[in-house]
Amino acid sequence: MAVEFTVLGPVALVIDGSPVALPAGRPQATLVALLLGRNRRVSVDRLLGALWDRPPPSAAANVRAHVSRLRGVLGPYRERLTLAGAGYRLVVEPGELDLQRFEGAMNDALTARRAADAERVIGLLAGALDLWSGEAAEGLPRFGWLGRGLDALDESRRVAVERYAAACDASGRHLDAMRALRPLVTAHPDREGAWETLVRALAGHGDRVAALAACGEAEAALLARTGRGSGRALRSLARTLRDDEPDGSLPGPDIAAEPAAARERPSPVRGDHASSPALDEDEDEDEDEAASPATVTPRQLPADPVDFVGRRHEVRLLDGLLASASGRAVVALLSGGPGVGKTTLATSYAQRVHEQFPDGQLYVDLNGYDSTGRPRTPSDALGSLLEALGVAHDRLPVDAQARIGLYRSLMSGRRVLLLLDNAFDADQVRPVLPCSSGSFTLVTSRDRLTDLVTRDGARPIAVDELPVQECRELLRARLGEPRVAAEPEAVDEIVVRCGRLPLALAIVAARAIMHPGFPLTALAHELGSTETPLDAFRHGGRVGDLRAVFSWSYTSLPRPAQEVFRGLAVHPGPEIGEAAIASLLGWELHDVRSAFTDLSGAHLVVEHRPGRFAVHELLRSYAAELAGRTDSGQHLDASRRLIDHYLVNARDANLVIAPTKAAQVDIPPTEGVVREPMACPEQGLAWLAREHEVIARLVRVAADLGEHRSAADLVWLLGAFLGRRGMWERSQELHELAIRCADSSGDRTRLAQAYRSLAQAYLMSGRHGLARPPLEAALVLLEQDDDGVARAHAHQNLAVVLGHQGDFGQAQDHARQAVELHRAAGDDQGEATALNVLGWYHAQAGDHHVAKDLCERALELLVRGPDRGAEAATLHSLGYIHHALGDFDHAVAVYRSAVDLARAIGDRYFEAEGLKHLGDSHAAAGRIDDARNAWRAALPIFEDLGLPEADHVRTRLA
C-alpha cells in the first residue's frame, strides 16, 4: 500500500514504506476526525466540535491551518485531502486504514459465526485484535463527537475480546479464553458478560474451584464498581457449580448465537460504508454544548447500597419528616459513631425517595472527619454544588458570599433532595442548606450538631448499632438464606465479634463471598483468634472490636494488596490515584491496579471514579497503624516518593500550561515516578483539576516532614492553576505556608518566589494594599543574590502594584529595571513581558506612541517563544493603545486575538478584560450591538471572579 494510516493505537502515517512524522496536538486530531469520516465530507462545524470544547472565534482559521499542514505531510498524496463544500474530505483507499481492516475482520467473523465455522471465527477475531497497539488515537484529548467515536472504538476492541473468548470457550480452547479475559475483567470489572464467559472457561478447563472463586470475584467486583451484585446468569452459574457433581459440566453457548459478553452492549463497529453513528453528518450539532444552569437537573446520589436491610425504626422517622416537607425545607440529621452505617442509611433512603424530587438530587462529602483534620470548607462545597447545577468550573464565583448568593438563586423554587455526608459542625452545613420549600436535606455526622438542631430546625435521628436480628438479615442478604441458616451459632458469633457494626459485617461478608467453600464456623473462629486489643476502635463501650475485623480481612489479602493498603496511610487523600500509589511503592502500574481490584473486592476501598479510590477513615487509621508497625523504617521514604510523584507530574503539567513557571523549578532525577500523560494544555489542566486538592494537602505533609523545599515548589507549581481558576483564597493560604517553609530552610530564592506569588494573589483578589509589602521583602532578599531574572520578576510585579495605585512614574522605573535585568540575563521572554508592562504604564500616562513601540517590540520577542499568556497580555495592551490613538478597527482586531488566546489558555481575567475593551472599541466605532454583545460576554466572568470590574461593565450596559 502506498499510504498506511494507523488509529488503533498511537496515530501514525506511513508513505511509500517510510514512517512520516505527524504534527502533534490538534493537527493530529484533525487527521483522526477526517479518517473516521473517511471518503465523506466532514464539515468545518463538526471539526470544530472535535477539536475544542468551546471553539474560540479563530477556530475556523485554525482548522484551515491544520488541514494545510496535513496536506504538506501527505506529500505526493496531498490531493487525497480536498475542500468539499463547507468542509473537507480525505480519500482513503480500501485497506489503507487499520480501522478498515479491523471492521472487515469483525464483519467477516459475524458471517462465519452464523455459519457455525468456529475456527474461522477465532482466526478472524485474533487477527482483528492483533491490529491494536493501545487505545484508539492514544494520547489525543477527546472532545465532542470525536471523543465519543474513539470511546466507541475502544469499546469495539473490548467486544472483540469478549467474542474471541466466547468462541474459544465454545470450541474447547478454554485456556485461550481465560488468557484473553483475565486482563479484560481486571481492567473493566463491570463487564458481567466477560465474567460469565470466564467462569464457563474455568469450569470447562476442569478447575471448578477456580470457577466458583471467579463467581465470588465477580460478585465483589460488580458490587464495588456498580453498587449491584452479579445478575441472574452469573448467580445461576454459581448455583450450578455448587450443586453439580465435581465432574459436572456447564451448558455451553451456541457458536452461532451472540455470546453473552457481547449481548450486553451493541457493537459500535459497522461496515466501511457507515462508521460509528457519532460521525453521521445530520447529527444534532448542539448536543455537546453545556446546558445552562436553569436547565440542569443533577442526579448525584451515590449508588444504592447493595442488599440494604434493617433500620426500620430510622426509616419510619425519615418517612414522617419527608411527609412534612411539602410546604417547607426540612433537614434530617443522622448522627452516630463511625462504622454504624449512617452514610449507607442516608444513601439507601435517598435512592428510595429520589423520584419525589423532580428538580434533582445533590450529594457532597464534607470530609468532616478526614485524617488530614481539614474538613471541606463551605465555599468549596458550594463550588461542587454549583457545578452540579450547571455552572462551569471556570465560572465559579471566587468570593464565598457570591457563591452563596448564586447557589440560593439557582435553588430558588426547586424541589430538591440534598445529601450532605460526614459533616463536622453546623457552620460547615449552614451555608449549604437549601431554602426552597419542599426541599429535603439529609445530613450525616458523628456529632449531634446541637447548634444545627436549635438554630436551623434540623430534626435529629440517632443511628446506633444494628439490632441483632437486623445483623442476621444483613448477612442473609449477602450470603443467602441456606448458608446462614446452616450455621446459626457461627452467625451469632460473627455478629458479636463485629460489634453489630454494618461496616465490619460487610467486610466479613465480602470475605465469605470470596471463599464460598469456607464454613462460617471457620470464619468466626479466624475472627475470634485475632489478638489485637482495640480500645481506640471500640464503639460506645461495646464488645465489638473493629480492628479485629480489619486485621482478619487484611491478613486474607494477597501480599501485594496488603502493601498497597498500608501505602494508603501515606497518601493524604481525599481521592487516591493508581499512578500515585505506584510511585509511592515503586511498582509497575498494572501491579497496583491488580492490588486495588483485590482491595475493592474485600470492601477495603471504594472506586469513586475510574482509577481513583477512597477509603473509610477508620480503615485509613488502621492502615496507618499497620504501616507504623510493618513499614516504620520506610514511611519517610514512601512519603518522599509520593512528594516526588506530584512534583514531577505538576512540573510536567506546567510545562504545557505555564512553561515559564515550570522552568523555575529544578527537580533532581527521580527513579520510579509514574509520569502521567501531559501532551497538551488540556491534559495538564485536567490533571491539576483532579489533583489540586491532593497537592494542597501534600504541601502540609511535606512541611510537617521538614521537606520545606518540596513544599514550596509544590505551591509554586500549583499557583498558576489556582490563579486561572480564581482560587485566590486558597492561593494566599498556601503561599503563606510556602513562605514559612522557605524561611525555615533558609532558601532565599524560594522565599522570594513565595513572597511574589502571595503578592500576586493579593493583587488579583483586589487587596492591592497588601500586595506591596511582600514584593518589597522579595526585592530585599534578591538584591543580595546574583539571580538577575528573579530580581527582574520582583521589579515587574512591583511595577504592577504601583500602577494599580496610580503611581505610573514609579511603575515605569521598576518596569525599566526589569527590562534591563532580563536583557542582561539573555532572557528574551522575560524581557518581552517587562517591555509590555513598561509600555502599558506609558500608555496609562498618556505616552501612547512610546507605549506602542514598546509593546510591538515585546510581541516580536513573544511570538518566538511558548508563553501564550504573555502574548495575550501584550495584545491586550496594544488593543488599548490603538483605541487611545483612535484606530478603533485595529483595536477590535487586536482585542479579538487577545480574547482568543486568553480562552485557549484558560485565563479568565484577561478574557473578560479583553471582552470589556473590545466592547469599548466597538462602541467608539459606532457598532453598539457588537459592543453590547462583548460586554454581556464579559459580565458573567467578572461576576464569577468576584471582581469590581463587573460594576463597570454593568454601567456600560445601562
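Residues numbered from 1 in each chain as written. Predicted model: local features only at pLDDT ≥ 70, side-chain atom pairs only at ≥ 80, totals over all residues. Heavy atoms only, no water.

S.K.: For the sheet that holds strand β4 (residues 42-43), give the residues involved together with the corresponding values.
M.R.: One open sheet accounts for three strands, arranged β4-β6-β5; its pairing is antiparallel. If you trace the sheet from one side to the other, it starts and ends with β4 and β5 (81-83), each paired once. Two elements, β4 and strand β6 (residues 87-90), share two bridges in a ladder whose sense is antiparallel. Residue pairing across strands places serine 43 opposite glycine 87, the latter belonging to β6. Running at roughly 70° to β6, helix α1 (residues 26-36) makes contact with β4, β5 and β6 of the sheet. (Pairing = 2+ DSSP bridges. Helix = DSSP H or I, 4+ residues; strand = E, 2+ residues; numbered from the N terminus. Contact = heavy atoms within 4.5 Å. Axes fitted to C-alpha atoms, helices over the stretch in contact; angles between N-to-C directions.)

S.K.: Quick rundown of the packing of aromatic side chains? Include the residues and the values.
M.R.: Using the criterion set out here, one finds ten aromatic pairs in the structure. Both rings, one in phenylalanine 565 and one in tyrosine 622, keep their centres 6.2 Å apart while their planes meet at 50°; by these two values the pair is tilted. Of the two residues, phenylalanine 565 sits in helix α24 (residues 559-567) while tyrosine 622 sits in helix α27 (residues 617-630), which places them 57 residues apart along the sequence. Side by side, phenylalanine 565 and tyrosine 622 carry an identical accessibility label, which is buried. Within the aromatic cluster, the residues linked to one another by ring pairs are Tyr554, Phe565 and Tyr622. Between the NZ or CZ atom of arginine 46 and the centre of the ring of tryptophan 145, over which it lies, the distance is 4.5 Å. (Phe/Tyr/Trp six-rings, centres within 6.5 Å; stacked < 30°, edge-to-face > 60°. Buried < 20%, exposed > 50% of the residue type's maximum accessible area, 1.4 Å probe, protein only. Lys NZ or Arg CZ within 6 Å of the ring centre and 35° of its normal.)

S.K.: Give a detailed account of the pattern of salt bridges, specifying residues and quantitative values.
M.R.: Scanning the model with the defined rule gives 43 salt bridges in all. The closest approach of N and O atoms between arginine 311 and glutamate 314, which form a salt bridge, is 3.3 Å. Both residues of the pair, arginine 311 and glutamate 314, count as buried. The salt bridge partner of arginine 455 is aspartate 451, with a shortest N-O separation of 3.8 Å. In this pair, arginine 455 and aspartate 451 both sit in helix α17 (residues 450-456), four residues apart, roughly one turn of the helix. Exposure remark for arginine 455: the relative accessible area of 58% places this residue in the exposed category. (Salt bridge = Lys/Arg side-chain N within 4 Å of Asp/Glu carboxyl O.)

S.K.: So what's going on with the nonpolar core? Residues and values would help.
M.R.: Judged by nonpolar contacts, the single largest core of 106 residues is most densely connected at Phe565, Ile581, Phe596, Leu599 and Tyr646. For tyrosine 646, the contacting residues outside a window of four places in its chain are His571, Ala580, Trp687, Glu691, Val694, Ile695, Leu698 and Leu714. The next biggest cluster of nonpolar side chains, apart from the first, holds 82 residues, and it includes Ala33, Leu35, Ala137 and Ala167. (Core = buried A, V, L, I, M, F, W, Y, C linked by side-chain atoms within 4.5 Å.)

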